[in-house]
Amino acid sequence: MTYAMPENFVWGAATASFQVEGGLECDGAGESNWLHFCRKPGRIKRDDIPLVGCDQYHRYREDVALMKRLGIKAYRFSLSWARIFPREGVVNEKGLAYYQSLVDALLEAGIEPYVTIFHWDLPQYLEEKGGWRTKETSKKLGDFASFMAKAFGNKVKHYFTVNEITMFTAAGHNGSGMAPGLKLPLQEIYQTIHHGNLAHGYVAQALRGAAPHAEIGIANNPGITVPLYETEENIDAARRATRFNNASCHTAIEEGRYLDEFLEKVGKDAPHFTDEEMKIIATPTDFTGFNVYTGNYCTADPESPQGFKMFSGAADHPYMDLTWLRFVPTAIYYGAKFIHELWGKSTYVTENGCSAADVLSQTNEIYDSGRIEYLRNYLRNLQRATAEKLPVKGYFQWSLLDNFEWAQGFTPRFGIVYVNYATQQRIPKWSAKYYAQCIKNNSIL
Ligand code: GBH
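So, here is what we can say about the structure in this document. This structure is a prediction, so every number in the text was calculated from the model and none was measured.

1. As for the nonpolar core
No. 1: The biggest cluster of nonpolar side chains holds 131 residues, and the ones touching the most others in it are Tyr75, Ile117, Ala145, Val203, Leu207 and Leu382.
No. 2: With 10 residues, the top contributor of residues to this core is helix H10 (residues 186-210).
No. 3: The contacts of alanine 145, once residues within four sequence positions are left out, are Ile117, Val203, Ala206 and Leu207.

2. Let's talk about the site of the ligand
No. 1: Near the ligand, the surroundings consist of 13 residues, among which Ala16, Asn163, Glu164, Trp324 and Glu405 are the closest.
No. 2: Looking at side-chain class alone, the shell around the ligand contains 5 nonpolar, 5 polar and 3 charged residues.

3. Some points on the sheet that holds strand E4 (residues 158-163)
No. 1: An order of E1-E2-E3-E4-E5-E7-E10-E11 is seen for the 8 strands of this closed barrel, with the pairing classed as parallel. Neighbour-to-neighbour, the strand axes of this sheet turn through a mean angle of 25 degrees, independent of strand direction.
No. 2: Bridge count for strand E5 (residues 215-220) against strand E7 (residues 287-291) is 4 bridges, and the pairing is parallel. Bridge pairing in E7 places glycine 217 opposite phenylalanine 287.
No. 3: Set on the sheet, helix H16 (residues 369-387) makes contact with strand E10 (347-352) and strand E11 (392-398); between it and E11 the angle comes to about 170 degrees.

4. Some details on helix H15 (residues 330-343)
No. 1: Under the 1.5 Å per step criterion, the end-to-end length of H15 is 19 Å for 14 residues, consistent within 8% with the ideal 20 Å.
No. 2: By the criterion of burial, H15 is predominantly enclosed, with 10 of the 14 residues buried.
No. 3: Among the residues of H15, those classed as buried are Thr330, Ala331, Ile332, Tyr333, Tyr334, Gly335, Ala336, Lys337, Phe338 and Ile339.
No. 4: Looking at the packing, one finds that the buried side of H15 touches strand E6 (225-227), helix H11 (232-245), E7, E10, H16 and E11.
No. 5: One or two residues past the end of H15 sits glycine 344, with phi positive at roughly 70 degrees.

5. Let's talk about the pairing of E10
No. 1: The buried fraction of E10 amounts to 6 of the 6 residues, a majority that puts the element mostly inside the structure.
No. 2: As defined by bridge partners, E7 adjoins E10 across 4 bridges and the pair is classed as parallel. Residue pairing for E10: asparagine 291 is matched across the bridge by glutamate 351.
No. 3: Summarising the sheet, E10 and E11 pair through 4 bridges and their orientation is parallel. Note on E11: the bridge partner recorded for asparagine 352 is glutamine 397.
No. 4: Between the parallel pair E10 and E11, the chain is carried across by H16, and the sense of this crossover is right-handed.

6. Topic: the environment of alanine 16
No. 1: With respect to the helices and strands, the residue alanine 16 is situated in the loop between strand E1 (10-14) and helix H1 (17-20).
No. 2: Filtering out sequence-adjacent residues up to four positions away, alanine 16 remains in contact with Ser78, Thr116, His119 and Asn163.

7. A short note on the sheet that holds strand E9 (residues 308-311)
No. 1: With mixed pairing, the 3 strands of this open sheet are ordered in space as E6-E8-E9. Both outer strands of the open sheet, E6 and E9, are each paired with one neighbouring strand and no more. Here the average twist between neighbouring strands, direction ignored, is 40 degrees.
No. 2: Pairing of E6 with strand E8 (residues 296-300) involves 3 bridges; the strand directions are parallel.

Rules used in this analysis
Residues numbered from 1 in each chain as written. Predicted model: local features only at pLDDT ≥ 70, side-chain atom pairs only at ≥ 80, totals over all residues. Core = buried A, V, L, I, M, F, W, Y, C linked by C-beta atoms within 7 Å. Buried ≥ 20, exposed ≤ 12 C-beta atoms within 10 Å, placed from the backbone. Helix = DSSP H or I, 4+ residues; strand = E, 2+ residues; numbered from the N terminus. Contact = placed C-beta atoms within 7 Å. Near = placed C-beta within 6 Å. Nonpolar A, V, L, I, M, F, W, Y, C, P; charged D, E, K, R; others polar. Pairing = 2+ DSSP bridges. Axes fitted to C-alpha atoms, helices over the stretch in contact; angles between N-to-C directions. Expected span 1.5 Å × (residues − 1). Right-handed = clockwise from strand over helix to strand, strands pointing away.

Shape descriptors only; they carry no functional weight alone.
What follows is the structure, given as structure tokens:
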């Protein structure tokens, strides 16, 4: 079949605890730094607050059944640390039981659970003790991962350590509007990224110890640079740009060191670190998960010191429904290619998708042709990677449901399934039908 995918390709869908669960004040859940942040007026668009959200906390059975109907083979979800440990060192049995029931429901439906240990929602009591400004938090996340892996036992065979390090570190501390909403000097910002890198390492070590049967890897968002057009020189430049531009985070995790060029460039603002910490950061993992929504372009430029010239995109470049969602479908192919070529890793696409200005038709349908075109183009580029025998293990659509899009609140709709927040009704969009058909055919339609 044209655009066929490999046998046993993992077709998944992804969400995150804070974005879909709701039930944030139920059954003894503790407060997270994100909930604390949402309670401050003016931080979130329209002051939206996901106390109920998609209410997956109460409706997970329905959502699992929905995934089953769509033919989805794997569900990536994350853990609310504050739900499980509402106070430091105190387990909330009901919170823990929720995740165990979710895992059981998935397994019963023949859907493989892929657990993200940390997707941004930090217990507020840890935020108050310094959050990502201290490496104590990194170590504590490792302990939490170990506790959870033991609780899940053999039922969970796939773990993602942390999601998008620079988003809960830099973007929460440089005035970009993510929790905790601080604006710190540059050195301290790099230091939070270092602590995020270290958290990944501690979690990887903990999972190795507590779940030796499981495969593990990060779900990060390395910025992918693609060649503006494919010549050997431009491809080579894009590979080097991808390595260099991620030097503070992703490259450091893969290589166990901060590149000299990076340390020189940032000078006195560089993170403080020890050799021992760099070893922990580089704990070997089984794969690299990357979230990919967009990309940057480059061309080779022998005149410039780095040998390449970057462009983000022209003013009239096609965008999806958010200002940063530039349509760059080759980024998924080059992500899989460069991660493999630079660091020898197999990959999962841990997130890909787009928001759209979805409207319900008179017949209660959502003809999201823009999202279908977006997915088709990215997926065909992913198929190109697998056809070239790049080791791509799976793909997680972001997102199963419309959900709470962080500082943008409920306004952007990223789901392939529409959520009516007033009634909690779920309506699969046409993109869900498209995705289900791709899964069924194991090829990109
Ligand atoms: C991922 O983050 C997250 O993992 C997921 O939770 C989220 O819902 C999903 O993607 C969709 O956004 O406005 O130009 O200053 C993506 C991280 C953070 C990338 C905000 C774009 C905006 C940059 N995004 N960022 S800009």
